[in-house]
Amino acid sequence: MKTRILTAAFAMFTVVSFAQKKEIKRAGKAVEKGEYQEAKNYLQQAEAQLASADEDEKADFYLYRGYALVGNGENVATADLMAASEAMKKAKELGHDEAEQGMAAVSNALVNAAIADQNAQNFSDASKKLETSFRMSNRDTVYLYYAASNAVNAQDYDEALRYYKELQDLGFTGEETIYTAVNKETGEEERMASKEQRDLFVKSGNYINPQDKKEESKEGEIAKNIALIYIEKGDNEKAVAAMERAKQANPNDASLMQAEADMYYRMGDMAKYREILEEVVSQNPNDATLYYNMGVSSAELGEKERAVEYYKKALEIDPEMNNARINIAFVILSKETPLVEEMNSLGMSKADQKKYDELAEERQQIYKDALPHLQKVIDRDAGNIEAARTIMNIYYQLNEIEKAEEMKAKIAELEASSAAAPKQ
């Protein structure tokens, strides 16, 4: 009796095992044909008895499951992408020869989906997908870097901080050389996997204009973002400590010094901000943006004349920096406020009336001093409504009504043009 029961059980196990193996094979064939839903159905039937399968069958099961879930890689649900990555990792753990190729397919699908999420401003989902892509191999650290950036945009500062710290521990710099060439047929510049591939494509005659482009180090940016996250969390002490750690590893990194200056700017320590910027400027005397930033910090510290000097230095290096011209004009116009306050405080005596007239004349001169800088902005950027509106107000104050009305009409044209333009 016992022998019969054991024989029957063994026979049942053999039938189930055979059926299971058949369903897994059918799933593999369905995947090859691109019939992903059919593959899912076969795998669902096989899954109930998966525990009794051998290692090779399990490896096949997880590989086909990963491919079935990711499908053609388009419009894949986030849950399916995550499940596909887990399936491919299990296939690799079980030693499947094709697991690496499958993991690459899932990773590409995750990255493409993350780009779509990012474009749709679904930053949290983009961050999770990019991190998952990184975890699949722990090699493509740039995906973790972009995961951190998206976490910041999603205001998930704890996750962003975790990613940035891991990047630092991994020694990530982001420095690399990118090899590109222009596709003659499309006219588009394309990035190549390697210099050898790029040179081969150019040699074929289908690509032209090969370029080697160097990606700068992202260490300074990462250190700055860590510090800014701590500032956002109200922990300035940790922010300073994080920056000091980065500086110790890279004491002469100009981008880190700029990041440190930005940190103190965010903390409201304008004196420290300017002190560091002055050091950065001494190392980069031909950087117009640095002089512009020095102008901003000087203006906020109330050092107006120094601010104007820095803005003018920025313009010497980059004559097209219209923001520097606008800021010069605003620094000049800011001198009006104390004059108006003093004028309003005067009485009706002869002495007060005389003082009032003197101050009124000074006020007129302020308008005249600011006007040329704003006019140069308009000369280089005819569509700058902010500058045009300020010029209009100055003309009214100078009682040059005809010029003010001309500028008013121009502003109306600019606003109408802006309203009619298609929204991006």
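Now for a quick tour of the structure. (Residues numbered from 1 in each chain as written. Predicted model: local features only at pLDDT ≥ 70, side-chain atom pairs only at ≥ 80, totals over all residues. Heavy atoms only, no water.)

**Some details on the pairing of strand β1 (residues 176-183)**
In plain terms, the rule: Whether two strands pair depends on DSSP finding at least two bridges between them. Secondary structure elements are defined from DSSP: runs of H or I of at least 4 residues count as helices, runs of E of at least 2 residues count as strands, and each element is numbered from the N terminus.
When β1 meets strand β3 (residues 207-215), the two strands line up antiparallel, connected through seven bridges. By the bridge assignment for β3, Thr177 is matched with Lys214. The pairing of β1 with strand β2 (residues 189-192) spans four bridges and is classified as antiparallel. Across the sheet, Thr180 pairs through a bridge with Arg191, a residue of β2. Counted between consecutive antiparallel strands, the loop separating β1 from β2 contains five residues, among which Gly187 sits at a positive phi close to 75°.

**Description of the nonpolar core**
The criterion, for reference: What is meant by a nonpolar core is a set of buried Ala, Val, Leu, Ile, Met, Phe, Trp, Tyr and Cys residues, joined one to another through side-chain atoms within 4.5 Å. For every residue, the accessible area (1.4 Å probe, protein chains only) is compared with the maximum for its type, and the residue is labelled buried under 20%, exposed over 50%, or partly exposed between those bounds. Here a residue-residue contact requires only that any non-hydrogen atoms of the pair lie within 4.5 Å.
Core analysis: the largest hydrophobic core is formed by 81 residues, its most contacted members being Tyr164, Tyr311 and Ile394. Setting aside chain neighbours within four positions, we find Tyr311 in contact with Tyr292, Gly295, Val296, Ala299, Ala324, Asn327, Ile328 and Val331. Counting 31 residues, the second largest nonpolar core, distinct from the first, contains Ala46, Val106, Leu110 and Ala113.

**Details of the sheet that holds β2**
What counts is decided by this rule: Throughout, an axis means a line fitted to C-alpha atoms (over the contacting stretch in the case of helices), and angles, computed between N-to-C directions, take values from 0 to 180 degrees.
Strands sit in the order β2-β1-β3 across an open sheet of three strands; the sheet is antiparallel. Each end of this open sheet is capped by a strand with a single partner; those strands are β2 and β3. Adjacent strand axes in the sheet meet at a mean angle of 30°, parallel and antiparallel pairs treated alike. Running at roughly 160° to β3, helix α9 (residues 195-204) makes contact with β1, β2 and β3 of the sheet.

**Considering the side chain of Ser298**
Here Ser298 lies in helix α14 (residues 288-300). Aside from chain neighbours lying at most four places away, what touches Ser298 is Arg274, Glu303, Arg306, Ala307 and Tyr310.

**Here we look at helix α19 (residues 385-397)**
The criterion, for reference: The span expected for a helix works out to 1.5 Å for each residue beyond the first. We define a polar contact as two N or O atoms separated by no more than 3.5 Å, with the added condition that, inside protein, one atom must be a possible hydrogen donor and the other a possible acceptor, whereas residues neighbouring each other in sequence contribute only through side-chain atom pairs.
Here α19 spans 18 Å end to end across 13 residues, near enough to the 18 Å set by a 1.5 Å rise per residue. Backbone nitrogen of Glu386 and a side-chain oxygen of the N-cap are separated by 3.3 Å at the start of α19; the cap is Asn384. Positioned one or two residues after α19, Asn399 has a phi angle of 65°, which is positive.

**Details of the side chain of Arg198**
With respect to the helices and strands, the residue Arg198 is situated in helix α9. Aside from chain neighbours lying at most four places away, what touches Arg198 is Tyr179, Thr180, Ala181, Met192, Pro210, Gln211 and Asp212.

**A closer look at the environment of Glu305**
Inspection of the secondary structure puts Glu305 in helix α15 (residues 304-317). Separated by 190 residues in the primary sequence, Glu305 and Ile115 place their C-alpha atoms 46 Å from one another.

**So, the packing of α15 against helix α16 (residues 322-333)**
The cut-off we apply is this: When an angle is under 35 degrees it counts as roughly parallel; over 145 it counts as roughly antiparallel; between 65 and 115 it counts as roughly perpendicular; any other value is oblique. Crossing chirality is assigned from the near helix's rotation relative to the far helix, an anticlockwise turn below a right angle marking it left-handed and a clockwise turn marking it right-handed. Only Asp, Glu, Lys and Arg are considered charged, only Ala, Val, Leu, Ile, Met, Phe, Trp, Tyr, Cys and Pro nonpolar, and every remaining residue, Gly among them, polar.
For the pair α15 and α16, interaxial distance at closest approach is 9 Å and the crossing angle is 160°. Considering the angle they form, α15 stands roughly antiparallel to α16. Where α15 crosses over α16, the handedness of that crossing is left-handed. In this structure, α15 uses Lys304, Val308, Tyr311, Lys312 and Leu315 to contact α16, whose residues at the interface are Ala324, Arg325, Asn327, Ile328 and Val331. A breakdown of the residues in the contact of α15 with α16 according to their chemical character gives six nonpolar, one polar and three charged.

**Things to note about a negative patch on the surface**
To keep things clear, this is the line we draw: Only residues whose relative accessible area exceeds 30% and that form no salt bridge are eligible for patches; like-charged ones are grouped when within 9 Å, while nonpolar side chains (Val, Leu, Ile, Met, Phe, Trp, Tyr) are grouped when within 5 Å. Values of accessible area rely on a 1.4 Å probe in the Shrake-Rupley scheme; residue burial ignores everything except the protein chains shown. The rule for a salt bridge is simple: a side-chain nitrogen of Lys or Arg has to be within 4 Å of a carboxyl oxygen of Asp or Glu. When charges are tallied, Lys and Arg are placed among the positive residues and Asp and Glu among the negative ones, while His and the ends of the chain are skipped. A charge is said to be at NZ when it belongs to Lys, at CZ for Arg, at CG for Asp and at CD for Glu.
A cluster of like negative charges, contributed by Glu342, Asp357, Glu358, Glu361 and Glu362, occupies part of the molecular surface. It is helix α18 (residues 350-380) that provides the largest number of residues to the negative patch, a total of four residues. The topology assignment puts Glu362 in helix α18.

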